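Residues per chain, in single letters:
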Amino acid sequence: MTTDAASRTIARRERASAAASVADRGPARERPRFTSRRWFRIVGGALIPLALLAAWQVVSTSGAVPVSQLPSPEMVWLAAVDLAERGLLGLYVAISTQRVFIGFAFGALFGLLAGAVVGLSRLGDVLLSPTLGAVRAVPSLAWVPLLILWFGIGEDSKVILISIGAFFPVYTIVASSLRHVDTRLLEAGRAFGLRGATLFATVQLPAVVPSVIAALRLALAQAWLFLVAAELIASSMGLGFLLSDSGNSGRIDRIFLAIILLAVLGKLSDALVGLLERWAVRRSA
Amino acid sequence: MTTAPAAPATAAPAAPVALRGVGRAFTAPDGGTRDVLRGVDLDVEAGEIVAILGPSGCGKSTLLRIVAGLDHPTSGGVAIDEAPVRPYDVRCAVGFQEPRLLPWRSIEKNVALGLPRGTARRDGRAQVARLLELVGLAEFAGHRPHEVSGGMAQRASLARALARNPEVLLLDEPFGALDALTRLKMQDLLLDVHAAEPTTVLLVTHDVDEALQLADRIVLLGSDGDAPGAGIRQTVVVPGHRPRDRGSAELAELRGRLLDGLGIDRHGAARGIQATTTIPHYPY
Ligand SMILES: Nc1ncnc2c1ncn2[C@@H]1O[C@H](COP(=O)(O)OP(=O)(O)OP(=O)(O)O)[C@@H](O)[C@H]1O
Ligand SMILES: [Mg+2]
């Protein structure tokens, strides 16, 4: 037992030192290690936004562009403070985020289910994919008048529209990646006695995890897109409403504010999917 | 640690395999059919090692896949222990021509995939560790398939097939990607495993020497003349008992006959060159 463990430790150490010496020697190996440092990624990613902010400040204070076209960063900040003091900023952000997440959750869930049925079963493919393909061909905004007629201008119609937006990327990608799982691996799995659920859990699911994550990313972006569409058309709250309302009243500072908030919220929610991705990658390791 | 068990968790007895008039035709791109195998009759005794030799593309893998129930014959049938082969027959274990390891699993977990269903977790772990030790991959148990070499992946694939301890072991060029030395080691390993648990083995190989070293019988697959579809051209019973002397004159003669059967010029008698050794005696 002890010698066994010891030899294993030695082997591991040897491997580690071999890896280290490769990294020492090869400059090609060294560079990605440097760029993958955490602080480097954060600073590197913040460089361009900070530069843009600085340029924005310079241009708006120089007076080259009138403030009715380009408000200064300070004006946008003050607009944010003003809205926050009246309790609207938090409300708008909260309601928009809630709509996105509920719509995304339903859309992604049904997308996963439909994608799994179509991707895994020949019968499901035959029965479902023509219909879903036809529904997918309808530009999703075309549903808006119908949804409003059926569900009114309340939450339901917005959440459903967002679900539709999130559904199709997930459904399409999951179905096609399940259909394209390496048949030789599937055959090997079956040859070693895997069937049905165990085959799915052992071969198909791990094979499609990366594309499922990519699909979720895409679906989340779609969800924000459809949120703004839904709120622009008919709503009394939310970031899309802030956009259309400010557009009507000419409050360009608030338009900037809404756009920046959408960028930040979109990026944050995308980072959540990134966490999920890291977890999934570690699980399958 | 308890001493590694020589016998695995579930010892399945070896089973005889009977191929009766097995034929396989594939549909060609132009819509017609193309015969690949035609009328293959073969009886493999329980515990026997039969090597299948034949030129590339003659249908060796196809034959093996039919025995494993991964493919179905268009005519004839295969029975293991008198019972017809079912799709993905659980009595067989296959070592594929390519390693076919799951890329997201470690080598260890890939080998564990071969364990028979219902193996107790601890027994399974011990068995996998033993097999990895045997194929020389103990140090790489935690590596992913893409982190090991092609030959190592192939050894892992062999270990996975051995882990099943099947009634019939089907190996498709299991040593194809190995260097000469590792290849000899793995041949000896296979013989050791077979001696410990005599299962029925069907082994596809390109290597005449390997076939002579490992097999009880060698089956030469190929098409005769212009008729499409390969059948058994020649069956050779290899004399003597394993392990055989790799340099024996008797095997050398058989080797020549098999090479002839494969249509390979042996650069000797066939060209009228004296078959006796031409290497001068020391000192040169
Ligand atoms: N699924 C398939 N569809 C159509 N043709 C196939 C299929 N599988 C095999 N074949 C054909 O059957 C023939 C034999 O293939 P097989 O893989 O059995 O050859 P092999 O003897 O194993 O060759 P190698 O030694 O190169 O591995 C080939 O001509 C191949 O094109
Ligand atoms: Mg082959």
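Residues numbered from 1 in each chain as written. Chains lettered and ligands numbered in written order. Predicted model: local features only at pLDDT ≥ 70, side-chain atom pairs only at ≥ 80, totals over all residues. Heavy atoms only, no water.

Under an unreviewed UniProt entry, chain B has the name ATP-binding cassette domain-containing protein and belongs to Agromyces luteolus.

Looking at an unreviewed UniProt entry, one finds chain A named ABC transporter permease subunit and attributed to Agromyces luteolus. Comment text from UniProt for chain A, heading Subcellular location (unreviewed entry), reads "Cell membrane". Of the comments in the UniProt record for chain A, the one headed Sequence similarities (unreviewed entry) reads "Belongs to the binding-protein-dependent transport system permease family." (UniProt positions renumbered as here; feature names shortened; annotations may be inferred.)

**Student:** Describe empty space enclosed by the protein, and please don't skip the residues or the numbers.
**Tutor:** All names here are of chain A. Within this structure, the stated rule accounts for 4 cavities of 30 Å³ or more. Surrounding the largest cavity, Val144, Leu147, Ile148, Ile153, Ser157, Lys158, Leu161, Ala230, Ile233 and Ala234 form its lining. Going through the elements one at a time, helix H7 (144–151), helix H8 (155–179) and helix H10 (196–233) are the ones with two or more residues in the lining of the largest cavity. Of the residues contributing to the lining of the largest cavity, the split by class is 8 nonpolar, 1 polar and 1 charged. One number sums up the size of the second largest cavity: a volume of about 60 Å³. Here the residues of the lining of the second largest cavity are counted per class, giving 6 nonpolar, 3 polar and 1 charged. (1 Å grid on protein atoms, 1.4 Å probe; cavity = no way out; pocket = protein on both sides within 12 Å on 5 of 7 lines; lining within 4 Å. Points joined across faces, edges and corners; volume = space filled by probe spheres on them. Helix = DSSP H or I, 4+ residues; strand = E, 2+ residues; numbered from the N terminus. Nonpolar A, V, L, I, M, F, W, Y, C, P; charged D, E, K, R; others polar.)

**Student:** Any chance you could break down the interface of chain B and chain A for me, citing the residues and the numbers?
**Tutor:** The partner chain A presents 20 residues to the 26 residues of chain B that form the contact. Summing both partners gives a buried area of about 2,100 Å² for chain B against chain A, and 61% of it is carried by carbon and sulfur. At the boundary of chain B and chain A, one finds 3 salt bridges. A salt bridge links A:Arg184 to B:Glu98, with the nearest nitrogen and oxygen atoms 3.6 Å apart. In this structure, the connection of chain B to chain A is made through 6 residue pairs in polar contact (both at pLDDT 80 or more). With 3 residues, strand S6 (residues 92–95) of chain B is the single largest residue contributor to the side of chain B that touches chain A. (Contact = heavy atoms within 4.5 Å. Buried area = accessible area lost by both parts, 1.4 Å probe. Salt bridge = Lys/Arg side-chain N within 4 Å of Asp/Glu carboxyl O. Polar contact = N/O pair within 3.5 Å; in protein donor to acceptor, adjacent residues only side chain to side chain.)

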